[in-house]
Amino acid sequence: MEESRGRRLPDLPELAFPNNTGKLNLDGCGNGVSGLPGLKKRGHGHGSRSWIKIDQNGHSKILELDKATIIRHCSLPARDLRLLDPLFIYPSTILGREKAIVVSLEKIRCIITADEVILMNSLDGCVVQYESEFCKRLQTNKDQAEDLPFEFRALELALELACMSLDAQVQELEMEIYPVLDELASSINTLNLECVRRLKGHLLTLTQRVQKVHDEIEHLMDDDGDMAEMYLTEKKESAEACALGDLYFQNNISGEIRVVSKSAPVSPVRSMSGVLQLQRTFSNVVTSSKHGSLTSPSTNEENVHQLEMLLEAYFVAIDNTLSKLFSLKEYIDDTEDLINIKLGNVQNHLIQFELLLTAATFVAALFAAVAGIFGMNFTASIFDYHSAFNWVLIITGIACGLLYFLFLLYFKHKKVFPL
């Protein structure tokens, strides 16, 4: 990586290293290969995408960058860029790398470094709000001392907008689903059931998204190593101090050699011991500058505690949103239980009515059987009386009524249904 930064690429003004700072220039537009003859310029469909660069001064600029340029500039593996690809659907993720933080929270997909934010350009409201709000905060607090470094302020705004967006969607879902559930509880029909089924699917999808953000923040809070890895400003300052220490060490070694060569003849052992002592001294300085974060646990704990407090605030917010979703799901489950109870009650009434009809049908069948028997063509003395058949009908009707009443008493005794 250092070798690629040290070489100057010809005919690539967008990727040049101005003023010998060794920093990749992302201020130019294009995909960075238009100046090479014989190479075709790749369009949007071949890896080049529109990005928004926001620097520490709050200035934003739209760039056209391909994956290779971003990988070289931010020292990221290619698989991390796939998390930011809008063509694929990935869950919310926050990854801490050596020189960048990869953030994919809902519609906000960006790469945060120690001194700039590379945000994927989109017409979504969250992206536009992130750009305007972050630039406004940086320009407003330009002359004020900030407790948080640049990368934490960028991460904080991404978490804030993601939590606000999810909470707004939950509130909108609550306003839509509560009246539908109340109407369904009072009137069970196909239209209301279909509407509740659709809203329940939306609730499940939203719960999964909120749960993923919740789990991601919780995972970061539980791992101090991941949180320490995300402190990019400290690592950048340590790298710069290490580079200055190496440069100072080389200059002093060369100066010592020149002084020894020009001075009076001295003992070789003495001169070599002086060089070794100087080398040992500067080696200790370089080592301490390289491992400053490891040798000062109090500073490291303070930085981790600082990021942990930041994450904890939004963990509480997303946990509150998740609790709303769980409450809404419980309300839906209670409504479904109520509907099942009502349907069971209606089914019980239908069964009771069916039992009554069955008993009445049995009694009517007996009455019809008696009437059918006396309708046969056979000789009997009872037919000699004109009113005999009427008495047969009356007696049969009374007997069927008593039998039906006995059926009702039996149902009451067995508590089949209250009478």
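Whatever comes next refers back to the structure up there.
Residues numbered from 1 in each chain as written. Predicted model: local features only at pLDDT ≥ 70, side-chain atom pairs only at ≥ 80, totals over all residues. Heavy atoms only, no water.

Draft legend 1. A look at unusual backbone geometry. Residue Ser 75 is not a glycine yet carries a positive backbone phi of 55 degrees. On the secondary structure map, Ser 75 appears in the loop between helix 2 (67-74) and helix 3 (78-82). Judged by its relative accessible area of 26%, Ser 75 is partly exposed. For Glu 106, which is not glycine, the phi torsion reads 55 degrees and is therefore positive. Here Glu 106 shows up in the loop between strand 4 (101-105) and strand 5 (108-112). Taking the relative accessible area as the measure of exposure, Glu 106 reaches 17% and is therefore buried. (Helix = DSSP H or I, 4+ residues; strand = E, 2+ residues; numbered from the N terminus. Buried < 20%, exposed > 50% of the residue type's maximum accessible area, 1.4 Å probe, protein only.)

Draft legend 2. Molecular detail of the packing of helix 5 (residues 150-186) against helix 6 (residues 190-222). Contact pair helix 5 / helix 6: the axes reach a minimum separation of 10 Å and the direction vectors enclose 155 degrees. By the angle class used here, helix 5 and helix 6 are roughly antiparallel. Read as a crossing pair, helix 5 and helix 6 show a hand that is left-handed. Broken down by class, the residue content of the contact of helix 5 with helix 6 amounts to 17 nonpolar, 3 polar and 4 charged. (Axes fitted to C-alpha atoms, helices over the stretch in contact; angles between N-to-C directions. Parallel < 35°, antiparallel > 145°, perpendicular 65-115°, else oblique. Left-handed = near helix turned anticlockwise from the far one by under 90°. Nonpolar A, V, L, I, M, F, W, Y, C, P; charged D, E, K, R; others polar.)

Draft legend 3. The pairing of strand 4, seen in detail. Within strand 4, 5 of the 5 residues are buried, which leaves it mostly tucked inside the rest of the structure. Here strand 4 shows no split at all, with Ile 101, Val 103 and Leu 105 on one side and Val 102 and Ser 104 on the other all buried. Direction of pairing for strand 3 (residues 93-96) relative to strand 4: antiparallel, over a ladder of 4 bridges. What sits directly across from Leu 95, in strand 4, is Val 102. (Pairing = 2+ DSSP bridges.)

Draft legend 4. Expanded view of the packing of helix 4 (residues 125-140) against helix 5. Where helix 4 meets helix 5, the closest approach of the two axes is 10 Å, and the angle between their N-to-C directions is 140 degrees. The angle between the axes of helix 4 and helix 5 places the two elements in the oblique class. At the point where helix 4 passes helix 5, the crossing takes the right-handed sense. Residue-level contacts link Cys 126, Gln 129, Tyr 130, Glu 133, Phe 134, Arg 137 and Leu 138 of helix 4 to Phe 150, Arg 153, Ala 154, Leu 157, Ala 158, Glu 160, Leu 161 and Ser 165 of helix 5. Among the residues forming the contact of helix 4 with helix 5, the class breakdown is 9 nonpolar, 2 polar and 4 charged. (Contact = heavy atoms within 4.5 Å.)

None of the figures reported here should be taken as evidence of function without further support.
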